[in-house]
Amino acid sequence: KQWYQRRVRGDFSDCVDWFLKGGLVNGCYWEFNKEYLENEDGHKILHLTYEELTLEKPAAIRKINLFLGYDELSEEDIVSVDKATSLDPTKLKPDQHGKPGRAKEMLTQEQRSRFNERSRVEFEGFEGIPQSYTDEN
């Protein structure tokens, strides 16, 4: 069974509908994200996306380093951090392979539009939202 079939009866489209209505085993995706975006305690929060970490990993490493307040890393240090934090894909289970942009392959244009519209509405007024949360592309 696919991962979504273990949680929702029906096909992938049914799962997307359930998700867009706020359904998740652990709660609504938007409520979960808004809870930390509200940041009532004033914590410093770094927003990183999976795409940043996989497609632009050296830039993401620099971003994390700067956020933590460390001195600038050398290229050698960046390579070292990259190597130390990389996963060996041969050791992952088949359903653990993430791929940036996979939503564009799996979701229809209509589903992506519904997701992006709900995200725009739910996250309106919050600062620091990664563009990919509401991006139509």
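Residues numbered from 1 in each chain as written. Predicted model: local features only at pLDDT ≥ 70, side-chain atom pairs only at ≥ 80, totals over all residues. Heavy atoms only, no water.

**Some details on the overall build of the protein**
The number of helices and strands found in the protein is seven helices and zero strands. From first element to last, N terminus to C terminus, the protein shows the α and β order α-α-α-α-α-α-α. Across the 137 residues in the protein, those meeting the buried criterion constitute 24%. Considering only intrachain contacts with a sequence separation of at least 6, the fraction spanning at least 24 residues in the protein is 47%. When the accessible surface of the protein is summed, it comes to about 10,300 Å², and 51% of that surface belongs to carbon and sulfur atoms. (Helix = DSSP H or I, 4+ residues; strand = E, 2+ residues; numbered from the N terminus. Buried < 20%, exposed > 50% of the residue type's maximum accessible area, 1.4 Å probe, protein only. Contact = heavy atoms within 4.5 Å. Areas by Shrake-Rupley, 256 points an atom, 1.4 Å probe, with all protein chains shown as cover.)

**Things to note about a negative patch on the surface**
Judged by side-chain charge, Glu-35, Glu-38, Glu-40 and Asp-41 come together as a negatively charged surface patch. Looking at the secondary structure, you find Glu-35 in helix 2 (residues 29–38). (Patch = residues over 30% accessible without salt bridge, like charges linked within 9 Å, V, L, I, M, F, W, Y side chains within 5 Å. Salt bridge = Lys/Arg side-chain N within 4 Å of Asp/Glu carboxyl O. Lys, Arg positive; Asp, Glu negative; His and termini not counted. Charge placed at Lys NZ, Arg CZ, Asp CG, Glu CD.)

**Here's the deal with the packing of aromatic side chains**
Aromatic ring pairs are reported here in terms of the distance separating the ring centres and the angle at which the planes meet. Under the counting rule described, the total for this entry stands at six aromatic pairs. Centroid distance Phe-19 to Tyr-29: 5.4 Å. Interplanar angle 50°. Geometry classified as tilted. Of this pair, Phe-19 sits in helix 1 (residues 12–20) while Tyr-29 sits in helix 2, and the two are ten residues apart along the sequence. For the pair Phe-19 and Tyr-29, a shared accessibility class is recorded, and that class is buried. Ring plane angle 45° and centroid distance 5.5 Å describe the contact between Trp-30 and Phe-115, whose orientation is recorded as tilted. Of the two residues, Trp-30 sits in helix 2 while Phe-115 sits in helix 7 (residues 109–122), which places them 85 residues apart along the sequence. Among the aromatic side chains, those forming a connected cluster through ring pairs are Phe-19, Tyr-29, Trp-30 and Phe-115. (Phe/Tyr/Trp six-rings, centres within 6.5 Å; stacked < 30°, edge-to-face > 60°.)

**What to know about the pattern of salt bridges**
Counting across every chain of the model gives nine salt bridges. Notably, a salt bridge pairs Arg-114 with Glu-110, separated by 3.6 Å at the nearest N-O pair. Linking Arg-114 with Glu-110, this pair stays in helix 7, spanning four residues, or about one helical turn. Take Glu-110: its relative accessible area is 44%, and that puts it in the partly exposed class. The partner of Glu-117 in a salt bridge is Arg-120, with the nearest N and O atoms 3.4 Å apart. One end of the pair, Glu-117, and the other, Arg-120, are both in helix 7, three residues apart, so they sit about a helical turn from each other. Residue Arg-120 is classed as partly exposed on the basis of its relative accessible area, which comes to 33%. Bridged by salt links that share partners, the residues Glu-31, Lys-34, Arg-118 and Glu-122 form one connected network.

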